[in-house]
Amino acid sequence: MSKAYMKEGRLVVPDCVTVPFIEGDGVGAEITPVCQQIVNKAVSIAYKGKRSIEWMEVFAGEKSYQKNGEWLPEETMKAFLEYLIGIKGPLTTPVGGGIRSLNVALRQTLDLYVCLRPVRWFKGIVSPLKEPQKVNMHIFRENTEDIYAGIEWEQGTPEAEKFYAFLHDKMGVKKVRFPKTSSFGVKPVSVEGTHRLVRAAILYALQHKLPSVTLVHKGNIMKFTEGGFKRWGYDLAETEFSDVTFTMNQYDQIKNTLGEESAKAALAHAVNAGKLLVKDCIADAFLQNTLLKPEEYSVIATLNLNGDYVSDQLAAMVGGIGIAPGANINYQTGHAIFEATHGTAPDIAGKNIVNPCSLLLSSVMMLDYLGWKEASVLIVKALENLFESGKATYDLARFMPGGTALGTVEFGEQVIGQL
Ligand code: NAD
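Small disclaimer: the values here were computed from a predicted structure and weren't measured.

Turning our eyes to something else, we now look at the site of the ligand. Taken together, the neighbourhood of the ligand is formed by 20 residues, with Leu91, Thr93, Gly343, Ala345 and Asp347 sitting nearest. Leu91 has a polar backbone atom sitting 2.8 Å from an oxygen atom of the ligand. Asn355 places a polar main-chain atom, nitrogen or oxygen, 3.0 Å from a nitrogen atom of the ligand. When the free accessible area of the ligand is taken as 820 Å², the share hidden by the protein chains comes to 67%. Of the residues that constitute the shell around the ligand, the class distribution is eight nonpolar, nine polar and three charged.

In this section: the sheet that holds strand β3 (residues 16-22). Taken in spatial order, the 11 strands of this open sheet run β4-β3-β5-β15-β14-β6-β7-β13-β10-β12-β11, and their pairing is mixed. A strand with exactly one partner marks an edge of an open sheet, and here the two such strands are β4 (52-57) and β11 (245-247). When the angles between neighbouring strand axes are averaged without regard to direction, this sheet yields 25°. Here β3 pairs with β4 via six bridges, running parallel. Directly across from Val19, in β4, lies its bridge partner Trp55. Set on the sheet, helix α11 (residues 304-317) makes contact with β6 (114-120), β7 (136-142), β10 (212-217) and β13 (299-302); between it and β7 the angle comes to about 155°.

Two numbers describe how helix α1 (residues 28-47) lies on helix α15 (residues 408-418): the axes approach to 10 Å, and their chain directions differ by 10°. Considering their axes alone, α1 and α15 lie roughly parallel with respect to each other. Seen from α1, the contacting residues are Glu30, Val34, Gln37, Ile38 and Lys41; seen from α15, they are Thr408, Val409, Gly412, Val415 and Ile416. Residue composition of the contact of α1 with α15, by class: five nonpolar, three polar and two charged.

The next thing to look at is unusual backbone geometry. Of note in this structure, Asp111 is not a glycine but carries a positive phi near 50°. Here Asp111 shows up in the loop between α4 (102-109) and β6. Overall, Asp111 belongs to the partly exposed group, its relative accessible area being 29%.

We now examine helix α6 (residues 191-207). Think of an α-helix as turning once every 3.6 residues; residues three or four places apart then point the same way. Spanning 17 residues, α6 covers 24 Å between terminal C-alpha atoms, matching the ideal 24 Å at 1.5 Å per step. Inspection of α6 places Gly193, Thr194, Arg196, Leu197, Val198, Ala200, Ala201, Ile202, Tyr204 and Ala205 among the buried residues, and these make up the whole buried set. For α6, the N-terminal cap is Ser190; the gap from its side-chain oxygen to the backbone nitrogen of Gly193 is 2.8 Å. Note on α6: the residue one or two positions beyond its end, Lys209, has a positive phi of about 55°.

Under the criterion given, the structure shown has 12 aromatic pairs. Residues Phe163 and Phe184 carry aromatic rings whose centres are separated by 5.5 Å and whose planes lie at 55° to one another, so their mutual orientation is tilted. Highlighted residues: Phe163 in helix α5 (residues 158-170) and Phe184 in strand β9 (residues 184-185), separated in sequence by 21 residues. Judged by relative accessible area, Phe184 falls into the buried class, the value being 10%. Site record: aromatic cluster; members linked through ring pairs are Trp153, Phe163, Tyr164 and Phe184. Over the ring of Phe59 we find Lys67; its NZ or CZ atom is 4.4 Å from the centre of that ring.

Reading the values: rules and limits
Residues numbered from 1 in each chain as written. Predicted model: local features only at pLDDT ≥ 70, side-chain atom pairs only at ≥ 80, totals over all residues. Heavy atoms only, no water. Near = heavy atom within 4 Å. Polar contact = N/O pair within 3.5 Å; in protein donor to acceptor, adjacent residues only side chain to side chain. Areas by Shrake-Rupley, 256 points an atom, 1.4 Å probe, with all protein chains shown as cover. Nonpolar A, V, L, I, M, F, W, Y, C, P; charged D, E, K, R; others polar. Pairing = 2+ DSSP bridges. Helix = DSSP H or I, 4+ residues; strand = E, 2+ residues; numbered from the N terminus. Axes fitted to C-alpha atoms, helices over the stretch in contact; angles between N-to-C directions. Contact = heavy atoms within 4.5 Å. Parallel < 35°, antiparallel > 145°, perpendicular 65-115°, else oblique. Buried < 20%, exposed > 50% of the residue type's maximum accessible area, 1.4 Å probe, protein only. Expected span 1.5 Å × (residues − 1). Phe/Tyr/Trp six-rings, centres within 6.5 Å; stacked < 30°, edge-to-face > 60°. Lys NZ or Arg CZ within 6 Å of the ring centre and 35° of its normal.

Geometric values such as these leave the question of function open.
This is how it looks when you write it as structure tokens:
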């Protein structure tokens, strides 16, 4: 068993690396083996046997509950902590008390502060957009703060009453319209939380030679939380990355002091010098703009709730839930869990029709994260070829003119054949 580890802030990956995996509930049992076979084959072709992945199964969700009565056993957590990099299929959310969501528990325990969702279009896949080839975005969604922190009180409880009394009596808040029947939630957004997310987004953009980072927020309404996110994001770019970025905040400052022509000249100069443009956009306008002019956006840095909405809209623009990959990452500790972004799809489980591409493209992200780009490229090319020739699982093929719907297993075999 060989572990990946961090040395002086960099990830070190042994040639034979052990990767813990959770098979996943429902369709997890179908997509996980297909993806592992494809990844194994791509790695073996790319490195001619010099590199390999040793898959180590760990348990969570229904499979774990049936095995030992625990939804998320301690050993699973330990394995992810120890081996740094893991991958998971979808998990059933337990109904009733106890754990709210296994995914949230994993993210919080490992402090996986970035939820990274790359969004690109594959030729052949039918999209609701006229020019889907213009979509190439990378969403950095903050994963640990915001209204997702789970700090809320239900209306009618003594806690909600106590919280309102504090607001009213100590904080002088008189604006709650129906205090007796209101539930309350708290939205923490911090400087550190924003800085580490925006730093990761900027570093990613620089590393991948991408043109811009857009801070997406509702700072016009939530001035100190979402507005803070925007201000702190700009501050970070201007202090830590002053030589490689130009921000629209700087543009506005120049415009206000020296006039619009000078600001435009400074922007043109920065773009010519290859600097990364850091800009911002109000969340509602952003959702419109991504449909109308997607080419204007590249890396997106946003808060937790906005990130949730944005991820689903962008996924729908390029083929939907079956093909959207994702990862939860802590770039400081190196911990990363790659995952299928869809659920357990109980309505199609066991029918050999589920699309394995969300987990497969998450595996591609994992190979990139390991630095094994030669293998990931092979898988992406194989998918490009198949989609272009109209071959896909039913969820995508049914919309393709003359498309051929393949079963999950057959689709996996075709990908392997293309490698
Ligand atoms: P779902 O994503 O499982 O299914 C929604 C719809 O999309 C269904 O019609 C399903 O058939 C279809 N679908 C999903 N993935 C597909 C794929 N790969 N290929 C083809 N079609 C696909 O969402 P749900 O039904 O709301 O949730 C079912 C269970 O999954 C719940 O217990 C929920 O809590 C859990 N869930 C888990 C995760 C996760 O582990 N990351 C995410 C979402 C939901």
